Amino acid sequence: MRATIFHFRNYHVLLIFLIVVFISYHNSLTASWHFDDLQNIVENQKLHLTSLDTGSLIQVLFAHPREEGRLFRPVAYLSFALNWYFGADHVLGYHLVNILLHIGTAFLLYLTNLSLLDAPALREQQQSTRNKHLIALLAALLWALNPIHTQAVTYIVQRMAGLATFFSLATLLCYLLGRRLGNKRTQWAWWLAALICFVLALGSKENSITLPMVLLLVEWIFFRSLARITGRHLLVGAGLLVVAGFAIYLLTNGNPLGSIMGYDHRSFTLGQRLLTESRIMLFYLSLLLFPAPWRLSLDHDILLSTSILQPPTTALSIAFLAGLTCWALWKRKSWPIASFAILFFLLNHTIESTVFPLELIFEHRNYLPSLFLFLPLAVAVVDFHQSDRLRTVPVVRHTVAAVVVLLLCTLGAATYSRNAVWRTEQSLWEDSLAKAPGQSRPYINLAHTYQKLGRSDETFELCRLSLTKDSPTPTKDRMRAYNNMGNISMERNHFSEAVGYYRQALLAYSNEPSRYFLHKALLADGQPQKAHEELAALIDKHPDDNELKISMALVLAGQQQYPEAVNMLRGMLQRTGINGYERSSALICLGSLLSRQGEYKDAEQQFREAMAISEPRLPLLCVIGNHLQQGNQTAASTQLQEMLKHFRSNDLEQLVRSANRQNILFPVATDELNAFIQAQATILKTSDVKAP
């Protein structure tokens, strides 16, 4: 068996996978960051390796984006951190690793298929079919080219699912190699390798916890040895269970039962989730067997099952799944490959499709469960093609072969087509909105994308519409929608409306970002005392946050408490550990406060110092404001006209308008500064027209 697995010709198969998979996925190499990529990788500072020392690497293992000090999928996070070390936030390296991982997984699947096709149960019933290599290759290609897997491969953060599947397959293959070898030392070496791969799988994603049951399933179906359990079986099983139990304890932060009880923030109960998942499982099967790109989406409209008869398809789905399970158990001896494929699929959905309070549906959850689903189909097709009956009808044989090749090409083309949707945030969320118009998430995320593109009206409308849609996390989605609407209102200088939206966001889901936005809106709306109260609550929780202190200085200025604001900023600037952005903001605000108190020379010194460490436009505008505060129109005009030689007046006005959303204070009111910019721009244009 070992010679069969490691035969030289198998590496020709690896070359086939390299070519066909890379062709199908190469248009994903420049696909942008999406959704959970941001909080898990791009914004996760603990993951941003700058050196490969031991301390930095250990920190990466605990880089949970929300919970400090929690060990969380360390293998996957270490791979992301190494990507960051070599390429920072450039997506090419991340996609290349994901594609190579997918190719490696397909090759391991081919080798595992070969091993299973040579199992004792098949040989005993003369089911060790001819052309095992062709069957194993066809099954692996049908899996690797299926476009449903684009979500696991092209969605960068789902490398977690990819690594878990790769190491799960490696565990199974190592176990099979050890199971079939006679040499005790070699056998235990393979089993030790299987144990190591199991640990790596658990460190990639928790759904690989089903591996001990998978090995029992293999023993029961392909080796039929569970009737005569030996001490060796007990020892191996105990070892796997100990590792699995320890991993569950670590990965659930020492609270495995608590991880099942978190339904408070969901729009469904445990019972509703279980009922709905029965229909989703059938939907998954339909996607795997008919993965047309127009059926695939990051979000799906799924009607919640509120009872076994509501909707009626719930009862039918449960009956179908129960019947399918019974058929697989009944046929385990006469149809071992089909039986294993079905039971493997159902078993590996037990983590993400049963009691845990996860979102209802994601396509990438099929990456591991679907591994062997195409093996029975490959056996049937190859055996039919190679049957003695067809040997006398070459036209039919050639037609079957052509249909198979056409199917593989179609799958590859569909994968390529689906990858095109992942190219940008806009294309992904527009696609999701078209396919799941009843879900709130596409509206909110597309709104966020449009907001970055400056399409404020469409952003506001999408957020408003999202409030009427279904959501797996309704409180958080309502909070995000109201925050976005508040931000747009701030951009439009509708400060009272912004206050209302931020308060609605806090009612939906109490959180610090909404409170931070609210204090800015209150300050802009002329309610400094209420802004002070909101901000003071945040500073109590984060006393060392420099940005909050700058905000408090602005609030104090709004209450005409200039000396207190100046003292706060001077004290902050004397501290060590303040970053460049915070220092620049503090210097600009300090200079503006000093200017408003008549200390013009000291104010200009602060602006010049800020200019040396930051982008110059804001400090230069503050210098102009300082001249206006002194009544020195000539100096202000000279300085601004020099700026207008390098910067457009519209951009400068927008920068001034956006000050209320940043920690920026000018020596004069923003309306006065913008009016001066408009006037000087008009004078400059008039003089240009008059010039010969």
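To keep things clear, this report deals only with the structure shown in the data block. (Residues numbered from 1 in each chain as written. Predicted model: local features only at pLDDT ≥ 70, side-chain atom pairs only at ≥ 80, totals over all residues. Heavy atoms only, no water.)

## Looking at the nonpolar core
- Counting residues in hydrophobic clusters, the biggest one holds 88 residues, and the most contacted among them are F17, Y110, F222, F340 and F372.
- Among the elements that line this core, the one with the most residues is helix α6 (residues 91-117), at 11 residues.
- In this structure F17 touches F22, I103, A106, F107, Y110, L137, A140 and L141, once residues within four positions along its chain are discounted.
- Grouped together as the second largest cluster of nonpolar side chains are 62 residues, L518, A521, A565 and F666 included. (Core = buried A, V, L, I, M, F, W, Y, C linked by side-chain atoms within 4.5 Å. Buried < 20%, exposed > 50% of the residue type's maximum accessible area, 1.4 Å probe, protein only. Helix = DSSP H or I, 4+ residues; strand = E, 2+ residues; numbered from the N terminus. Contact = heavy atoms within 4.5 Å.)

## Side note on the pattern of salt bridges
- The tally for this structure, following the rule as stated, stands at 19 salt bridges.
- Among the salt bridges present, the one from K452 reaches E425, with a minimum N-O distance of 2.7 Å. Here K452, found in helix α21 (residues 440-452), pairs with E425, found in helix α20 (residues 425-435); they are 27 residues apart in sequence, far enough to count as distant.
- On the accessibility criterion, K452 (52% relative accessible area) is exposed.
- Exposure remark for E425: the relative accessible area of 15% places this residue in the buried category.
- One salt bridge connects R515 with E534, and the closest N-O pair in it is separated by 2.6 Å. (Salt bridge = Lys/Arg side-chain N within 4 Å of Asp/Glu carboxyl O.)

## Here's the deal with empty space enclosed by the protein
- Tallying each qualifying case throughout the model produces two cavities of 30 Å³ or more.
- Considering only enclosed or pocket space, the largest cavity measures out at about 70 Å³ in volume.
- Among the secondary structure elements, those contributing two or more residues to the lining of the largest cavity are α10 (159-180) and α12 (211-223).
- If you tally residues by element for the lining of the largest cavity, the top one is α10, at three residues.
- When its residues are assigned to classes, the lining of the largest cavity shows eight nonpolar, two polar and no charged.
- Taken as a whole, the second largest cavity encloses approximately 40 Å³ of empty space.
- N98, L101, H102, A152, V153, R159, G162 and Y367 together form the lining of the second largest cavity.
- Of all elements in the fold, only α6, α9 (150-153) and α10 reach the threshold of two or more residues within the lining of the second largest cavity.
- Taken together, the residues that form the lining of the second largest cavity break down as four nonpolar, three polar and one charged. (1 Å grid on protein atoms, 1.4 Å probe; cavity = no way out; pocket = protein on both sides within 12 Å on 5 of 7 lines; lining within 4 Å. Points joined across faces, edges and corners; volume = space filled by probe spheres on them. Nonpolar A, V, L, I, M, F, W, Y, C, P; charged D, E, K, R; others polar.)

Geometric descriptors of this kind do not, in isolation, establish any biological role.
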